[in-house]
There are 2 protein chains.
Amino acid sequence: MREVAIIGIGETKFGELWDRSFRDIGIEAGLKAINDAKITSNDINALYIGTMASGSLIKQEHVSPILLDYAGLSSDHIPSIRIEAGEASGALAFHQAYLAVASGYYNIVVVGGAEKLTDVSEDVARDITSSTSDQEWETFFGVTQASQYALIANKHMNTYNTKREAMAEVAVKNHYHGSMNSTAHFQNKITVEAVLKSPPVSTPLGMLDCAPLSDGAATVILAPLDIARKFTDTPIKIQASTISTDTATLFHRRDICTFDSTILASKKAYDLAGIGSSQLDLVELNDNYTISEIIAIEDLNITKKGEAGKELLNGRYRIGDKPSINTSGGLKAHGQPYGAVGIAQIVEIVKQLTGRAEKRTVNGAEIGLTHTIGGIGSVSVINILKRVN
Amino acid sequence: MREVAIIGIGETKFGELWDRSFRDIGIEAGLKAINDAKITSNDINALYIGTMASGSLIKQEHVSPILLDYAGLSSDHIPSIRIEAGEASGALAFHQAYLAVASGYYNIVVVGGAEKLTDVSEDVARDITSSTSDQEWETFFGVTQASQYALIANKHMNTYNTKREAMAEVAVKNHYHGSMNSTAHFQNKITVEAVLKSPPVSTPLGMLDCAPLSDGAATVILAPLDIARKFTDTPIKIQASTISTDTATLFHRRDICTFDSTILASKKAYDLAGIGSSQLDLVELNDNYTISEIIAIEDLNITKKGEAGKELLNGRYRIGDKPSINTSGGLKAHGQPYGAVGIAQIVEIVKQLTGRAEKRTVNGAEIGLTHTIGGIGSVSVINILKRVN
């Protein structure tokens, strides 16, 4: 298999983009990435698209040829492939595109993720979110994603003596990071007190423990490493790209405070990249609920199980720490347009490694990891990216 | 890239399977294929699933971990990836799985397609079908897929003097083939007169010119060719697997009687396989409407443009002819469970090449081609399969 690099990135602002359609934002991110990579339409061999629920959200299946068409690329008749993996749709599209370039079948591939969540009512959006969990065995009985994460949070607090304030600290840190990110959905700083006093969603989780539903799109361009320098002076090498799965249902798990898919995918990725978690400078990980970040830090082996809360209360993982976690603002502040999330996480690492992360730049960073989840840990996608010196 | 072979197949009956769920049929086809390939769960490296509209049809996104879970495979935590490309979802899942094995990343991969179309009302099913065309530019104004194919049929009749009876002959031939296929949705023979007298859907197309909406699932197992003989004495080699796209909208096309995506994907496939269309023994092609088969025969370069109707009226393409077309019964008689169609076409070729096609076996056949379409020719997927002697 060939080595593969990222040679361009693009993204829209994340937020409530009511004046623009799914197509508009998909194309905006795509064209920005194409411009960034300084490629033309003739260079592009294929398009991979990650989106979770376009059929339910905008009554449009088969978005792959439509985005190609709308981008003015249909006359080239290039392959266009949609991947769906719940909230990890973008991350899994990236993984498939990586395999396609690594295999030698394609050279230059565009990978985009997009979702438009704020044009439907919150009820509809909640039902669609629940449709990534097991409808027959769990969702049908009324459980929501928030209430399942609340169960996890209660169990984690009970088992590891994790403090409520540690969860709040996740939101505070990520909003602080988002305040330095001009594409973030939320760019306001918040306090631990505000999180603790926010309206309850499912106890112990309050409104400020939950990532928003957002509109947004993000795109990256892939190329074989050996030709990447033709396009950019700062190619970012993909050291590893891995997936692991788990049951869709929570009640079948051996331990709801641990996502085995994250443990297994990250172990494989560390092996492939030949590094340990202590070498990571940057991590963009799943914080759709504040408890999720705590679990992810532990499952990625950044701390021992049960220790992440304490580390957070000690002020760890802010910009400049090793690793700096969710410097983009994470799903909590940067935003959560499902299909775009996995690509946006990669865009953030590339921005950091190429010195384009505005005031939140982590100096000297060389290695970053992205961690994207679909369902409640039923799929985890890990990518390890490295600056090529 | 490595050479890849098919080492096992499985499918459900196609039809109105009201006593079984999406999961039930997905698992039935999967386990049959696993048994056919004589592999165990330990051998499986990944699962690829093609399904078009599970979010709209059964309110379940993220079916990839759910099918894995339901099959009892979740404890292995293997990657599970869903691809969506409208009615070509299964075919595109196969293509991606092929790339993943060819790249060396995986060895044994299970590829399944499934759809459950008869548990919703016909109105809902029709709207979902239309969601694979461009909603903003065409469907919104009331056009349906049937009326667009009727436009194509009228234009083809006018331009090439194609006879109404030639279209009817497609349905008659494919029902004749389906009458010898125990998994077919329709196993009754029909006459040209019956097609011509069938209730109008969109003139000139009558009810018997239209493929049914079906429930069904199909699965194949892939392996690198060099280890395929460990599992089977009759591996079927994938000589080529290609995709091409076109505009989602019909009004943007240079010629609505030709699908450029089919022309381009098949040319590339013939080149990769080092064969011409005259060497094909078997072809499973898109006949969602009878006019579709005529266009596909021409676009695949099996005849010159405008000649397919005459050939059909001369009795060509029945079992035993070279090529024999839609020996399974095609979408018209074998059935049309969208996500499963592309895989079912491959299953039919494998059955034929391994002498398992019941009374419809084409003796001495060595090379087969599958042609699957998503939208109205907005994506075409071509696979060329060959018996390894």
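Analysis parameters
Residues numbered from 1 in each chain as written. Chains lettered and ligands numbered in written order. Predicted model: local features only at pLDDT ≥ 70, side-chain atom pairs only at ≥ 80, totals over all residues. Helix = DSSP H or I, 4+ residues; strand = E, 2+ residues; numbered from the N terminus. Rg over C-alpha atoms; globule rule 2.2 N^0.38 Å. Buried ≥ 20, exposed ≤ 12 C-beta atoms within 10 Å, placed from the backbone. Contact = placed C-beta atoms within 7 Å. Nonpolar A, V, L, I, M, F, W, Y, C, P; charged D, E, K, R; others polar. Pairing = 2+ DSSP bridges. Core = buried A, V, L, I, M, F, W, Y, C linked by C-beta atoms within 7 Å. Domains from an automatic or database assignment. Axes fitted to C-alpha atoms, helices over the stretch in contact; angles between N-to-C directions. Parallel < 35°, antiparallel > 145°, perpendicular 65-115°, else oblique. Least-squares fit on C-alpha atoms with pLDDT ≥ 70 in both. Expected span 1.5 Å × (residues − 1). pLDDT = per-residue confidence, 0-100.

### Quick notes on the overall build of chain A
So, step 1. In terms of regular secondary structure, chain A is built from 14 helices and twelve strands.
So, step 2. Here the C-alpha radius of gyration of chain A, 19 Å, is about what a compact globule of 389 residues would show, namely 21 Å.
So, step 3. Judged by the C-alpha coordinates and their principal axes, chain A covers about 55 × 45 × 40 Å.
So, step 4. Taken across its 389 residues, chain A has 67% of its residues classed as buried.
So, step 5. Across chain A, every contact between residues at least 6 apart in sequence was considered, and the portion connecting residues at least 24 apart equals 77%.

### Some thoughts on the interface of chain A and chain B
So, step 1. With 51 residues of chain A at the interface, the matching set in chain B holds 51 residues.
So, step 2. Secondary-structure elements contributing two or more residues to the side of chain A that touches chain B are α2 (54-57), α3 (63-70), β3 (80-84), α4 (89-102), β8 (236-245) and α10 (260-273) of chain A.
So, step 3. Within the side of chain A that touches chain B, the residues separate by chemical class into 20 nonpolar, 23 polar and eight charged.
So, step 4. In this sheet, strand β3 (residues 80-84) of chain B lies alongside β3 of chain A in antiparallel orientation, the contact comprising three bridges. Residue pairing across strands places I83 of chain A opposite I83 of chain B, the latter belonging to β3 of chain B.

### A word on the nonpolar core
If you look at soluble globular proteins, the nonpolar side chains tend to sit buried side by side.
So, step 1. One finds V109, I221 and L222 of chain A together with V109, I221 and L222 of chain B to be the most contacted residues of the largest nonpolar core, which totals 259 residues.
So, step 2. Those residues in contact with V109 of chain A that lie beyond four places of it in its chain are N45, A46, Y48, A97, A100, V101 and L222 of chain A.

### Some words on the domain arrangement of chain A
Residues and elements named next belong to chain A.
So, step 1. Looking at the assigned domains, one finds that chain A contains domain 1 (4-121 + 214-228) and domain 2 (125-210 + 239-387).
So, step 2. Between domain 1 and domain 2, the C-alpha centre-to-centre distance is 23 Å.
So, step 3. Where the side of domain 1 that touches domain 2 is concerned, the elements lending two or more residues are β1 (4-11), α2, α4, β4 (109-116) and β7 (215-224).
So, step 4. The greatest single-element share of the side of domain 1 that touches domain 2, amounting to seven residues, is contributed by α4.
So, step 5. For the side of domain 1 that touches domain 2, the residue count by class is 19 nonpolar, 14 polar and five charged.

### What about the packing of helix α7 (residues 164-178) of chain A against helix α11 (residues 290-299) of chain A?
Residues and elements named next belong to chain A.
So, step 1. The geometry of α7 relative to α11 is characterised by a closest axis approach of 8 Å and an angle of 95° between their N-to-C directions. On the basis of the axis angle, α7 is roughly perpendicular to α11. Facing A166, M167, A168, V170 and A171 of α7, the residues of α11 in contact are T290, I291, E293 and I294.
So, step 2. Looking at the contact of α7 with α11, its residues break down into seven nonpolar, one polar and one charged.

### Observations concerning the relation of the copies chain A and chain B
So, step 1. Its rotation angle being 180°, the transformation that places chain A on chain B also includes 0.0 Å of axial translation and leaves an RMSD of 0.0 Å. What the superposition gives is, in effect, a two-fold axis relating one chain to the other. Of the C-alpha atoms belonging to chain A, the one lying closest to the rotation axis is found on S103 of chain A, 2.0 Å away.
So, step 2. Most of the interface of chain A is mirrored in chain B: 100% of its interface residues are interface residues there too.

### Remarks on the pairing of β1 of chain A
Consecutive side chains along a regular strand alternate between the two faces of the sheet.
Residue and element names in this part refer to chain A.
So, step 1. In terms of burial, β1 is largely enclosed, as eight of its eight residues are buried.
So, step 2. Where β1 lies against β7, seven bridges are found, and the strand directions are antiparallel. Residue G10 lies in a different strand from β7, and its bridge partner there is T219.
So, step 3. Note: β1 against β8, two bridges, orientation antiparallel. In the strand pairing of β8, A5 is matched with K237.

### With respect to helix α1 (residues 22-37) of chain A
Residues and elements named next belong to chain A.
So, step 1. Across its 16 residues, α1 extends 23 Å between first and last C-alpha, which sits within 8% of the 22 Å expected from 1.5 Å per residue.
So, step 2. Of all 16 residues in α1, twelve are buried, a share of seventy percent or more.
So, step 3. Buried residues of α1: F22, R23, I25, G26, I27, E28, A29, G30, A33, I34, D36 and A37, and no others.
So, step 4. As for α1, its buried residues are in contact with β1, α2, α3, β4 and β7.
So, step 5. Just downstream of α1 lies K38, where phi reads positive at about 55°.

### Quick word on the confidence of the model for chain A
Reading predicted coordinates in detail is not appropriate for stretches of low pLDDT.
So, step 1. In this model, chain A carries an average pLDDT of 96, and 100% of its residues clear a pLDDT of 70 or more.
So, step 2. Taken together, the chains of this predicted complex give a pTM of 0.96 and an interface ipTM of 0.93.

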